[in-house]
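Report on the structure
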Amino acid sequence: MSAQKIQIFDTTLRDGEQVPGCKLNMEEKLVIARQLELLGVNVIEAGFPVSSPGDYEAIRAIAAQTKDATVCGLTRAVENDIRVAAEALKAARYPRIHTGIGTSESHVKFKLRTTQADVVERAVAAVKLAKSFVEDVEFYAEDAGRTDNEFLAMVCEAAIKAGATVLNIPDTTGYCLPEEYGAKIKYLYENVRGVQNVTLSTHCHNDLGLATANSISGVINGARQIECTINGVGERAGNTALEEVVMILRQHPYLNLDTSVNTRLLTETSHLVSHMMRMQVQPNKAIVGANAFAHSSGIHQDGVIKHRETYEIIDPKEVGAEDSSIVLTARSGRAALAYRMQKLGYALEKEALDKAYSSFLAVADKKKEVIDEDLHLMVEQDNLVSAN
């Protein structure tokens, strides 16, 4: 049985760009949008049209250049927001307006200073207005993670009746535990009339480091769209990382869920976004970090050299990375040294290897990492062997 497709909604150009210091210019946004379409994402959230003239023009340009992906613009449940978004998306082959309102007790009482009844009324009006411009309307219930499930179900049902095609259930503050978030999606799937005719979407933030886990829990329980960003960039601690959820679904085929993303472009896309946003990817970042496929422990190195899958569940080439990296440090063993020497063209017999290893440890105790130049010098100084 073929796997069910999970739609990938990329919001790098909207939620991702809200990171302080990560402002993109028009050309950078167009380049990233082209790369996202090449990557195979289903929806590109291009920005918040009413927020600034620059954002509006960038969304117009992205809408005009995008051929296969849906182009989405964010709005509040405000008439002018929606009209501006509709205008910005006119050139899109597949336009989507993403509108919504806060639904948690905190948002209703303190942010909106209104009532639940008014929130439902404004949600319906916003969806209906958006629907008058485009067929594809996504409704978000901001802070759904902290919203009472019964009220959340009421708002979602009203949005569906008004014409919403996608329901976004954001864990806006990154508060939920995976079990709680999955149960929330399951509750909506079982209690909202008409939900089978729309797409439930996850949108999780990483304040407690649970964005990826919550998104996966959401799709296991019925959501069929994940909202995410390249490298997990986003407000505060960031959003769900696209590369993580895509590879989790790929590596666990028994879930019977997959995406249309070309995983061999993940590393390339990560580097592009990191460069253009001037935001370095942490070395230990899953999937795309510099150390994701690097090994410095002697035990691990020996295992990987003998059989890569011993310590790697992903083939680096599957995500567009180079081969596994054997990093020589004071914790490396003879197997790793022999492996690196062989890569450099030196075939060391046991006696020569033992001698080289003693010299290697002396160097390794003084340096964080022993590089190829050190090994060449070692061979010359110890007169170990001539290169092949």
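Along each chain, the written sequence defines residue order, and numbers are assigned to residues from 1. Selection of residues for local features in this predicted model requires a pLDDT of at least 70, selection of side-chain atom pairs for listing and counting requires 80 or more, and totals for whole chains, interfaces and linings are taken over all residues. Side-chain descriptors were evaluated using all non-hydrogen atoms of the structure, hydrogens and water having been removed beforehand.

Looking at an unreviewed UniProt entry, the protein chain carries the name 2-isopropylmalate synthase, with the source organism given as Rufibacter latericius. UniProt positions are given in the numbering used here, feature names are shortened, and annotations may be inferred rather than shown by experiment. According to the UniProt record, the Pathway (unreviewed entry) comment for the protein chain is "Amino-acid biosynthesis; L-leucine biosynthesis; L-leucine from 3-methyl-2-oxobutanoate: step 1/4." According to the UniProt record, the Sequence similarities (unreviewed entry) comment for the protein chain is "Belongs to the alpha-IPM synthase/homocitrate synthase family. LeuA type 1 subfamily."

Things to note about the UniProt feature "domain: Pyruvate carboxyltransferase" (unreviewed entry) in the protein chain
When the UniProt feature table is mapped to this numbering, "domain: Pyruvate carboxyltransferase" (unreviewed entry) covers residues 6–267. Helix makes up 42% of residues 6–267 and strand 18%, with an end-to-end C-alpha separation of 21 Å. A helix here means a DSSP run of H or I that spans at least four residues, while a strand means a run of E at least two residues long, and both kinds are numbered starting from the N terminus.

Describing the packing of aromatic side chains
Ring pairs are drawn from Phe, Tyr and Trp, using the six-membered ring of Trp, whenever the two centres fall within 6.5 Å, and their geometry is named by plane angle: stacked under 30 degrees, edge-to-face over 60, tilted for the rest. Within the structure shown, the criterion is met by one aromatic pair. Both rings, one in Tyr357 and one in Phe360, keep their centres 5.8 Å apart while their planes meet at 25 degrees; by these two values the pair is stacked. Of this pair, Tyr357 and Phe360 both sit in helix α13 (residues 350–364), three residues apart, which is roughly one turn of that helix. Neither residue differs from the other here; Tyr357 and Phe360 are each classed as buried. Relative accessibility thresholds used throughout: buried, under 20% of the residue-type maximum; exposed, over 50%; partly exposed, between the two (1.4 Å probe, protein chains only).

Structural notes on the domain arrangement of the protein chain
Boundaries between domains were set according to an automatic or database domain assignment. Under the domain assignment used here, the protein chain contains domain 1 (4–277) and domain 2 (294–382). For domain 1 versus domain 2, the separation of C-alpha centres amounts to 44 Å. Should any heavy atoms of two residues lie within 4.5 Å, those residues are counted as being in contact. If you look at the interface, domain 1 gives seven residues, while domain 2 gives seven residues. Once two parts are joined, some of their accessible surface, as seen by a 1.4 Å probe, is lost; buried area is that loss totalled over both. Buried area between domain 1 and domain 2, summed over both chains or domains, comes out near 620 Å², and the portion from carbon and sulfur atoms is 46%. Looking only at domain 1, the three residues that lose the most surface to domain 2 are Gln251, Arg264 and Thr267, adding up to 65% of its buried area. In the sections that follow, a salt bridge refers to a side-chain nitrogen of Lys or Arg positioned within 4 Å of a carboxyl oxygen of Asp or Glu. Scanning the region where domain 1 abuts domain 2 turns up one salt bridge. For Glu318, the salt bridge identified is with Arg250, shortest N-O distance 4.0 Å.

Section: helix α7 (residues 178–191)
For α7, spanning 14 residues, the distance from its first C-alpha to its last is 20 Å, which sits close to the expected 20 Å at 1.5 Å a residue. All buried positions along α7 are accounted for by Tyr181, Gly182, Lys184, Ile185 and Leu188. Looking straight down α7, one finds that the buried residues subtend no more than 155 degrees of arc, so they occupy a single side. For α7, the exposed residues lying more than 90 degrees away from the buried face are Glu179 and Glu190. Where α7 is buried, its residues contact α6 (149–162), β7 (166–171), β8 (199–204) and α8 (211–220). Helix span, expected: 1.5 Å multiplied by one less than the number of residues in the helix. Directions from the helix axis toward the C-beta atoms define the arc.

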